Amino acid sequence: MEDFTNTSGVHSDRYGQDFSLFSAYANNQTFMNSLSKRVEKDDYNYTEPKYYLGDLIPGTYCSRIFSDCDRKACRLQSPNYPGIYPRNLTCYYAVRQHEVPHGKHALILVKQPKGNLVWISTQDMTTKKIAPLTISEKDKKFEPRLKTWKDCDHIQDISSSSHYKRKSTDYVTVYDGYTTRDPIILKFCGGGQAVPSAVSSGPELLVEFTTSPYGTFTGSSSQVLPLYGFQLEVEVIFVDIQSPTYTKNKKPCEFWIRGAGRGILENPKHSLAPNTTCLYHLQGIGVFKTFDHLSLSRRTNSLMHQPQSRFKVWISMMKFNLDPEFGQIDETSVGAIGVLQTQEDCTGMLRIWDGALREPPQCKDLNCASDMPQVHPSLAQYNPHNITNVIARFCRGTIPRTCDRSNINETYARPCTVSESYVSSSDSITLELKNTESTVLRPLEFKLKYEFIDLHQDGLPLGGGEHDCNRKFISSLMDRKDPAIFRSVRNIFLFGRGGTRNLKCIYKFEGMRGERVRIKLRKVTTMNRQCMSRVDEDINRSFCYGETSAKVEIFERPYHGSILLPRGCLCNSSNSSHLPVEYTSTTRDVEVHFTAFNMSTLDDPDALNFEGMFEFIKGPTNCKDGRRKFGPSGTIDMTFGDLECRTRPWLIEPSNGNKFLYVRLKAIFLQIFSAGWNERPNFALVNRSKAISVEFLRPANGDFSFNWMELIPRPTISLAEDCQYKCSELNACVNVSVWCDGVVHCPSGDDETFLQCSAIMKLPTEILATLCLIIVLFCCAFAAFAYKKIKRKLRGSTMLQTRLKSLSSMDTAVLDEKEVIC
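Residues numbered from 1 in each chain as written. Predicted model: local features only at pLDDT ≥ 70, side-chain atom pairs only at ≥ 80, totals over all residues. Heavy atoms only, no water.

Per an unreviewed UniProt entry, the recorded name for the chain is CUB domain-containing protein, and the organism is Glossina pallidipes.

And the structure:
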């Protein structure tokens, strides 16, 4: 046979413009029609590109080696293509990719999308004459068709007549590897149809072409036959070396996915041989250093209430599709998860096992209900009870739980819920991908999202329930007193992407008597929110402003059972220059609140989180004065002593729920009311404390004082029974004990006026009325007596005037030169 390959391995001009070389095939009407169309299209200027046909292996007739086809147009061709190839021949085409980019893995692909470029002999006619076939029979018998697998082992008789014999046929075999011992992923013969893509699992692939020692290439001029021989295209695919898109070991087909994150898992990018089962082992493994200061945590499991494993696995199926059998037309519709049909086809399927499998199970039914697979030895410690069962099965024509909307836009789509997905009972899930036929002929595709749910939380549980994120840290249970790390919860089901709208986690720190708590927040992340935090230099405390729907706050409980007092706030530490934020409490009871409200699908543990440190330290021992006060009123006169005791807050609490507090600071003339005073009468609907805390931040030496009193709003009192003691300017009733006690409580000072505080005014009303009557009678009697006295005096004056008038008419007597008037 003539070899049209030059020494350089580059195709000569045989498959080009020299049509004389094809004169032997002028009777092939199909080929000539196709060729004439191409010539007309290109105005007789069409030229096929030069192809790399490999390097001939020394000592062989047709075996060739191909290397680095990512840079060349490699083609695998039968000897003398296009033309009659020899009989009783075996050719090997070895393809290998030597140069692979860093971090990538190479896969080799062979295909031929043009069916007219493939025709491998599948029959052998005897020379004995037979009755001529009809036109329809000839069209049916010689219709081009690509045959696969067993159909290529022997030809079939075209008639029941004994004139036709069964003969071995020619075929092409594709191996997933460099030797014939590797798995076979495709075997075909015949032609006239496109050869589907066959992809190796590694950088090596072998194609074997075997021809029968029998057979001839004869036929009548009226027969419609394609061109003899074949040509296959070669491509190189690069995938990430760390991705689970290829199997590192052809047998067994296993994938291991471990970690604490999430990702998308798809079917292998390479072809699978018939009757192949691949196992995907998904296992959650921690990557964070856990809090290990609790000496009793390992002995008091009843207190911890931790799940047996730290992780759970969350699976959301996005797509499953099994193509119809090769050569068949699928007339059914295609849905979100694949082909929809009336009957179930499980020749290719995906099963999800709740647990870790050691090997593919040999199940007697599709759901494996009658078999109990064994747990993989490396995972037995995480699944001590060997609990494995099928929680989902996907076949062609079935519709299990899916979350197909994630294929559209995960950013704006509603998050997948548990009812639309699958959650393991331990830290492992095994996916079993099983195919009966080669995926070259029946591609099996799936796509799913997986996520390892980290259930670990530092400290001890503060409340009950698996999804409760409230924790506590107790000083008396700690081995060491050095600073320890505590972090936010990472359970995705507590966040927006897991379907939760609002989140609030409380981290409580309980010191022993005489201890204080030091909190240091060194990172807070509140992405997707325009929130800022700053530190007030005057009081050395941080505040949040902006969109504060997600934040971390520090609170202190000054006394057991009392209200919490805010001590700091931090959000979005990436925009803050005041890190870390540190606070040392004045008491032994501190809480850190991590809150996030109105969460969306963008909110998850990576978008909302914090990290801090804490330690219990010794506090001062000379701060013994009680600063928790009750009662209707009181006065505090402060003379500061030790510097560490000065910042301890005073806590004033009302005696019952319907009373408010009014505090007046004399030094700076500051008046304070309880929370809710301006929200009356709807304050009952507001769940807030009415207590008031008074503390002096960075106080200097000196004396300070303030007083307080309880108030009852007047609108809550019946108009017929108005209160007796009230501050009119406050429109409130006060306790009698604050009235005239020597301390001004009302802003106007009415509680200490003379009219209000005189002893007589304090007498009962009856006595006051009697005294008033007596006083009135006394005044009347006194007025009558005075009237008589005045009247008598007036009468004597009249008589004296009469006498004087009489005397003026008489002679006047003079005694001793003195005038005497009688």
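On we go from here.
Draft legend 1. Spatial organisation of the overall build of the chain. Helix and strand counts for the chain stand at six helices and 46 strands. Put simply, the chain has 822 residues, and 46% of those count as buried. By sequence separation, contacts in the chain at least 24 residues apart represent 74% of the contacts at least 6 residues apart. (Helix = DSSP H or I, 4+ residues; strand = E, 2+ residues; numbered from the N terminus. Buried < 20%, exposed > 50% of the residue type's maximum accessible area, 1.4 Å probe, protein only. Contact = heavy atoms within 4.5 Å.)

Draft legend 2. Up close: the pattern of salt bridges. Summed over all chains, the structure comprises 30 salt bridges. Measuring nitrogen to oxygen at the nearest pair gives 2.8 Å for the salt bridge that ties Arg497 to Glu451. Highlighted residues: Arg497 in the loop between strand S26 (484-487) and strand S27 (503-510) and Glu451 in strand S23 (residues 444-454), separated in sequence by 46 residues. By relative accessible area, Glu451 is classed as buried at 11%. One salt bridge connects Glu611 with Arg487, and the closest N-O pair in it is separated by 3.4 Å. Remark: Arg487 occurs in strand S26 and Glu611 occurs in strand S35 (residues 608-618); sequence separation between them is 124 residues. Here the salt bridges share partners, and the residues they tie into one network are Arg262, Glu451, Arg497 and Asp604. (Salt bridge = Lys/Arg side-chain N within 4 Å of Asp/Glu carboxyl O.)

Draft legend 3. Structural view of the nonpolar core. Within the largest apolar cluster, 38 residues are counted, with the highest numbers of intra-cluster contacts made by Phe486, Leu503, Tyr507, Phe509, Ile519 and Phe614. Only S26, S27, strand S28 (515-526), strand S31 (550-556), strand S33 (581-584), strand S34 (589-596) and S35 provide two or more residues apiece to this core. Looking at which domains feed residues into this core, each of domain 2 (245-288 + 309-324 + 344-360 + 387-405 + 413-456) and domain 3 (460-618) gives three or more. Leave out the neighbours within four places in its chain, and Ile519 touches Phe509, Ile554, Val581, Glu582, Tyr583, Val590, Val592, Met613 and Phe614. (Core = buried A, V, L, I, M, F, W, Y, C linked by side-chain atoms within 4.5 Å. Domains from an automatic or database assignment.)

Draft legend 4. Just a positive patch on the surface, in detail. Together, Lys788, Lys789, Arg792 and Lys793 make up a region of like positive charge exposed at the surface. As for its placement among the helices and strands, Lys788 is situated in helix H6 (residues 765-807). (Patch = residues over 30% accessible without salt bridge, like charges linked within 9 Å, V, L, I, M, F, W, Y side chains within 5 Å. Areas by Shrake-Rupley, 256 points an atom, 1.4 Å probe, with all protein chains shown as cover. Lys, Arg positive; Asp, Glu negative; His and termini not counted. Charge placed at Lys NZ, Arg CZ, Asp CG, Glu CD.)

Draft legend 5. View of the packing of aromatic side chains. This model, assessed by the stated rule, comprises 25 aromatic pairs. Both rings, one in Tyr52 and one in Phe66, keep their centres 5.8 Å apart while their planes meet at 85°; by these two values the pair is edge-to-face. With Tyr52 in the loop between helix H1 (29-41) and strand S1 (55-56) and Phe66 in strand S2 (residues 64-67), this pair connects stretches of sequence that are 14 residues apart. On the basis of relative accessible area, Phe66 is assigned to the buried category, the value being 0%. (Phe/Tyr/Trp six-rings, centres within 6.5 Å; stacked < 30°, edge-to-face > 60°.)

Draft legend 6. A look at the environment of Leu444. In this structure, Leu444 sits in strand S23. Sequence separation between Leu444 and Phe320 is 124 residues; the distance between their C-alpha atoms is 7.8 Å.

Draft legend 7. Spatial organisation of the pairing of strand S11 (residues 204-210). With six of seven residues buried, S11 is to be regarded as a mostly interior element. Pairing of strand S4 (residues 90-96) with S11, which is carried by seven bridges, proceeds in the antiparallel orientation. In the strand pairing of S11, Tyr93 is matched with Val207. Direction of pairing for strand S8 (residues 171-175) relative to S11: antiparallel, over a ladder of five bridges. Counted as the bridge partner of Tyr175 is Leu206 from S11. (Pairing = 2+ DSSP bridges.)

Draft legend 8. Representation of the pairing of S33. Going residue by residue along S33, you find Val581 and Tyr583 tucked away on one face and Glu582 and Thr584 left uncovered on the opposite face. Pairing analysis gives four bridges linking S28 to S33, with the strands arranged antiparallel. Bridge assignment links Lys520 to a residue of S33, and that residue is Glu582.

Draft legend 9. Spotlight on the state of the cysteines. Under the defined criterion, the tally for this structure stands at 11 disulfides. Disulfide partner of Cys69: Cys74, at an S-S distance of 2.1 Å. What sets the handedness of the Cys69 and Cys74 disulfide is the S-S torsion sign, and at about -100° it is left-handed. Cys69 sits in the buried class, given a relative accessible area of 5%. Here Cys346 pairs with Cys395 through a disulfide, and the sulfurs are 1.9 Å apart. Residues Cys346 and Cys395 share a disulfide whose torsion about the S-S bond is about 110°; that sign makes it right-handed. Taken together, the residues span a long stretch of sequence, with Cys346 in strand S19 (residues 345-353) and Cys395 in strand S20 (residues 390-396) at a distance of 49 residues. (Disulfide = S-S within 2.5 Å.)

Draft legend 10. Structural detail: the sheet that holds S31. Pairing is mixed across the open sheet formed by six strands, whose spatial order is S24-S25-S27-S34-S31-S32. Taken across any chain shown, the strands that pair with only one partner, and hence form the sheet edges, are strand S24 (460-461) and strand S32 (565-570). Where S31 lies against S34, seven bridges are found, and the strand directions are antiparallel. When the bridges of S34 are listed, Glu553 appears paired with His593.

Draft legend 11. Spatial organisation of unusual backbone geometry. Backbone torsion omega between Tyr81 and Pro82 reads 0°, so that peptide bond is classified as cis. Mapped onto the elements, Pro82 comes out in the loop between strand S3 (75-77) and S4. The phi dihedral of Asn80 falls on the positive side, at around 65°, and the residue is not glycine. Tracing the backbone through its elements, the reader meets Asn80 in the loop between S3 and S4.

Draft legend 12. Up close: the sheet that holds strand S36 (residues 628-629). Taken together, three strands build an open sheet; the order of strands is S36-S38-S41 and the sheet is mixed. Both outer strands of the open sheet, S36 and strand S41 (692-694), are each paired with one neighbouring strand and no more. Bridging between S36 and strand S38 (residues 650-652) involves two bridges; their strand directions are parallel. Across the sheet, residue Lys629 finds its bridge partner in S38, namely Ile652.

Draft legend 13. Structural context of the side chain of Asp589. Tracing the chain through its elements places Asp589 in strand S34. Look past the residues within four positions of Asp589 in its chain and what remains in contact with it is Lys508, Phe509, Glu556 and Arg557.

Draft legend 14. Representation of the side chain of Arg351 within the structure. Secondary-structure assignment places Arg351 in strand S19. On the accessibility criterion, Arg351 (1% relative accessible area) is buried. Setting aside chain neighbours within four positions, we find Arg351 in contact with Pro361, Cys363, Asp365, Leu366, Asn367, Cys368, Val390, Ala392, Arg393, Thr430, Leu431 and Glu432.

Draft legend 15. Summary view of the confidence of the model for the chain. The pLDDT averaged across the chain works out to 77; a share of 71% of its residues lies at or above 70. This model gives residues 1-44 a pLDDT under 50, and the stretch forms 62 contacts once residues within four places in sequence are excluded. Within the model, pLDDT remains below 50 along residues 218-224, and this stretch shows eight contacts once partners closer than five positions in the same chain are excluded. (pLDDT = per-residue confidence, 0-100.)

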